[in-house]
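Examination of the molecular architecture
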Amino acid sequence: MPTFNLKINNEKHTVEADADTPLLWVLRDQIDLVGTKFGCGIGQCGACTVHVDGNAMRSCLLLVSQAEGLNITTIEGLSEQGDHPVQQAWKEIDVPQCGYCQSGQIMTASAFLSKNPNPNESEIRNAMHGNICRCASYNSIEEAIKVASK
Ligand code: FES
């Protein structure tokens, strides 16, 4: 089986996998970074969102063979102590309900705010519209992003 050299949360990992294995499964099953969630597997829900070179990307759509040479950040690597401003805002607003989609939501929101630190409501909705929450915590998510942007 081929091997791939990955840089994840500033650490190097060498993994063996079929070239067409989605990064999501390498993260979860081989590197034990289970904060990245499987929702749909077809790029529709956003639960598997990670940062790739600072951009939000769905790890179910990125093949391990495409991930070499890229800087990948998962929810575990977003901050040292879970204290990224978006994570702090999430706690302040008490966003999670079932919690399943939240790591993907936070990864999308943090990448968005790094590029647009002071967004208006429609920009927030546009940025987050691809991240599905089955508990429909969208108002809380929007509020937390506003708090994080202050
Ligand atoms: Fe990747 Fe749904 S699991 S977008």
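Here the structure is a predicted model, which is why all the values come from computation and not from measurement. (Residues numbered from 1 in each chain as written. Predicted model: local features only at pLDDT ≥ 70, side-chain atom pairs only at ≥ 80, totals over all residues.)

1. Re the overall build of the protein chain
Regarding its fold elements, the protein chain presents 6 helices and 5 strands. The linear arrangement of helices and strands in the protein chain, starting from the amino end, is β-β-α-β-β-α-β-α-α-α-α. Radius of gyration (C-alpha) of the protein chain: 15 Å, near the 15 Å computed for a compact globule of 150 residues. Scored against the burial criterion, the 150 residues of the protein chain give a buried share of 40%. By sequence separation, contacts in the protein chain at least 24 residues apart represent 61% of the contacts at least 6 residues apart. (Helix = DSSP H or I, 4+ residues; strand = E, 2+ residues; numbered from the N terminus. Rg over C-alpha atoms; globule rule 2.2 N^0.38 Å. Buried ≥ 20, exposed ≤ 12 C-beta atoms within 10 Å, placed from the backbone. Contact = placed C-beta atoms within 7 Å.)

2. Describing the domain arrangement of the protein chain
If you check the domain split of the protein chain, you get domain 1 (3-76) and domain 2 (85-149). Each of domain 1 and domain 2 has a C-alpha centre, and these two points are 21 Å apart. Counting from both sides, the interface comprises 15 residues of domain 1 and, opposite them, 12 residues of domain 2. Contributing elements (two or more residues each) for the side of domain 1 that touches domain 2: β3 (49-52) and β4 (55-58). With 3 residues, β3 is the single largest residue contributor to the side of domain 1 that touches domain 2. Its residues placed into classes, the side of domain 1 that touches domain 2 shows 6 nonpolar, 8 polar and 1 charged. (Domains from an automatic or database assignment. Nonpolar A, V, L, I, M, F, W, Y, C, P; charged D, E, K, R; others polar.)

3. Some words on unusual backbone geometry
Here N9, not a glycine, exhibits a phi torsion of approximately 50 degrees, which is positive. For N9, the location among the structural elements is in the loop between β1 (3-8) and β2 (11-16). One non-glycine residue, N10, lies in the positive phi region at around 65 degrees. Tracing the chain through its elements places N10 in the loop between β1 and β2. C-beta crowding within 10 Å serves as the criterion here: with 9 such atoms nearby, N10 is assigned to the exposed category.

4. What about the nonpolar core?
Among the nonpolar cores identified, the biggest contains 40 residues, and L23, V64, A67, V86, A144 and I145 are the most heavily contacted of them. When residues of this core are traced back to their parent elements, those giving at least two are β1, α1 (23-30), β4, α2 (64-67), α3 (85-93), α4 (102-115) and α6 (138-149). The element contributing the most residues to this core is α4, with 6 residues. Taken domain by domain, the makeup of this core includes at least three residues from each of domain 1 (3-76) and domain 2 (85-149). Those residues within four positions of A144 in sequence are excluded, and the remaining contacts are A89, W90, I93 and V95. (Core = buried A, V, L, I, M, F, W, Y, C linked by C-beta atoms within 7 Å.)

5. Points about the sheet that holds β2
What the 5 strands build is an open sheet, ordered β2-β1-β5-β3-β4; its pairing is mixed. This sheet does not close on itself; its edge strands, each paired only once, are β2 and β4. On average, adjacent strands in this sheet sit at an angle of 40 degrees to one another, irrespective of strand direction. Pairing of β3 with β4 involves 4 bridges; the strand directions are antiparallel. (Pairing = 2+ DSSP bridges. Axes fitted to C-alpha atoms, helices over the stretch in contact; angles between N-to-C directions.)

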